[in-house]
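Each chain, written out:
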Amino acid sequence: MSSGPGYRGLIIASVVAAAALTVGSAMVVLLVANRGSTTVNGAYGAISCSAPNLPGATVSVRVTDAGDAMMGQAPMMATLRATPPIVPAGRVSFVVSNSGALVHELVVLPLPADGPGTRPTGTDGKIDESQSLSEASRSCAAGTGNGIAPGSTGWTTVTLKPGRYELVCDQPWHYAAGMFDVLTVT
């Protein structure tokens, strides 16, 4: 086997990925263990609701995780999927449904030049949200809050110009676990 730069890079990338997975898995175990004792927007557990009629094109975003089904085992199987993946420019409403066992959220950001999933994760397991265009992180309400509880829905509306946007869950370590998708605005 070659010991050239490509091989060393692969080994380094593997070590970094394993470290991130280990830290992320530990955070999932802590989140699952502590979620019963915390409130989300003043309520415990799932809050069933639906979004009101919202302006513009509607993007349904489903956030989920393996949560309790994995009984704290690694890796966290988390997803964030937007439908449709392409909408016209103008007002766009995001309706976020949390079908997982953990608290989630949606943050709308410009797509980074390096592509989706490339944002650096800080020691707190979160990414830099300073370029956020909008956020849905309240159960049964619009805008910013403490997260969307399991079984709940949150929403936000924003005006978007043509381009590509990264939709992310920025709860600790969720982005690193793969909770992001791309929306194209034409």
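Quantities reported herein were computed from a predicted structural model and do not represent experimental measurements.

Criteria and cut-off values
Residues numbered from 1 in each chain as written. Predicted model: local features only at pLDDT ≥ 70, side-chain atom pairs only at ≥ 80, totals over all residues. Heavy atoms only, no water. Pairing = 2+ DSSP bridges. Helix = DSSP H or I, 4+ residues; strand = E, 2+ residues; numbered from the N terminus. Axes fitted to C-alpha atoms, helices over the stretch in contact; angles between N-to-C directions. Disulfide = S-S within 2.5 Å. Buried < 20%, exposed > 50% of the residue type's maximum accessible area, 1.4 Å probe, protein only. Core = buried A, V, L, I, M, F, W, Y, C linked by side-chain atoms within 4.5 Å. Contact = heavy atoms within 4.5 Å. Salt bridge = Lys/Arg side-chain N within 4 Å of Asp/Glu carboxyl O. pLDDT = per-residue confidence, 0-100.

> For this particular structure, what's the right way to read the sheet that holds strand β6 (residues 134-136)?
Sheet strands pair via backbone hydrogen bonds, and the direction of the pair is either parallel or antiparallel. In spatial order, the strands read β3-β9-β8-β5-β6; together these five strands make up an open sheet with mixed pairing. Across the chains shown, the open sheet's two edge strands, defined by having one partner strand only, are β3 (86-87) and β6. Direction of pairing for strand β5 (residues 106-110) relative to strand β8 (residues 163-168): antiparallel, over a ladder of four bridges. For L109, the partnering residue across the bridge sits in β8 and is E166.

> Before we go on, may I ask you to explain the sheet that holds strand β7 (residues 153-160) in this structure?
Taking strand neighbours across the sheet as the criterion, the four strands line up as β2-β1-β4-β7 in an open arrangement whose pairing is mixed. Either end of the sheet is taken by a strand with one partner, and the two such strands are β2 (79-83) and β7. When strand polarity is set aside, the average angle formed by the axes of neighbouring strands in this sheet is 20°. As paired elements, strand β1 (residues 57-64) and β2 share five bridges and run antiparallel to each other. Bridge pairing in β2 places R62 opposite R81.

> Please explain the state of the cysteines as it appears in this structure.
Structurally, a disulfide amounts to a covalent bond that connects the sulfur atoms of two cysteines. Applying the stated rule across the entire model yields one disulfide. In this model, C49 is linked to C140 through a disulfide, with the two sulfur atoms separated by 2.1 Å. Taking the sign of the S-S torsion, about -100° here, the bridge from C49 to C140 comes out left-handed. Taken as a pair, C49 in the loop between α1 (5-34) and β1 and C140 in the loop between β6 and β7 lie far apart in primary sequence, 91 residues in all. On the basis of relative accessible area, C49 is assigned to the partly exposed category, the value being 25%. Residue classification places C140 among the partly exposed positions, given a relative accessible area of 26%.

> Would you mind showing me how to read the nonpolar core here?
Proteins that are soluble and globular tend to have nonpolar side chains buried together. Among the nonpolar cores identified, the biggest contains 22 residues, and V61, F94, L106 and L160 are the most heavily contacted of them. At the level of secondary structure, the elements contributing two or more residues to this core comprise β1, β2, β4 (90-98), β5, β7, β8 and β9 (180-185). When residues no more than four places from it in sequence are discounted, the contact partners of L106 are V61, L80, F94, V96, S134, E135, A136, L167 and V168. One finds V107, L109, I127 and Y175 within the second-largest nonpolar core, a separate group that totals five residues.

> For this particular structure, what's the right way to read the pattern of salt bridges?
Side chains carrying opposite charge are able to pair once their charged atoms draw close together. According to the stated counting rule, one finds two salt bridges in the structure shown. Linking R119 and E166 is a salt bridge whose minimum nitrogen-to-oxygen distance equals 2.5 Å. Pair noted here: R119 is in the loop between β5 and β6 and E166 is in strand β8, with a separation of 47 residues, a long-range link. Residue classification places R119 among the buried positions, given a relative accessible area of 13%.

> How do you make sense of unusual backbone geometry when you look at a structure like this?
A negative phi angle characterises most non-glycine residues, just as the trans form characterises most peptide bonds. The peptide bond linking T83 to P84 adopts the cis configuration, its omega dihedral lying at 0°. Mapped onto the secondary structure, P84 falls in the loop between β2 and β3. Even without a glycine there, the phi angle at C140 is positive, about 60°. Positive phi, close to 70°, is recorded for W173, a residue that is not glycine. Within the secondary structure, W173 is located in the loop between β8 and β9.

> Explanation requested: the confidence of the model for the protein chain in the structure shown.
The predicted coordinates should not be examined in detail at positions where pLDDT is low. Per-chain confidence: the protein chain averages 82 in pLDDT, with 71% of residues scoring 70 or above. Here residues 28-44 is a poorly scored stretch, pLDDT under 50, and it has 28 contacts once near neighbours within four places are set aside; other chains count. Per-residue pLDDT stays below 50 along residues 68-74; that stretch engages in nine contacts with residues further than four places along the chain or on separate chains.

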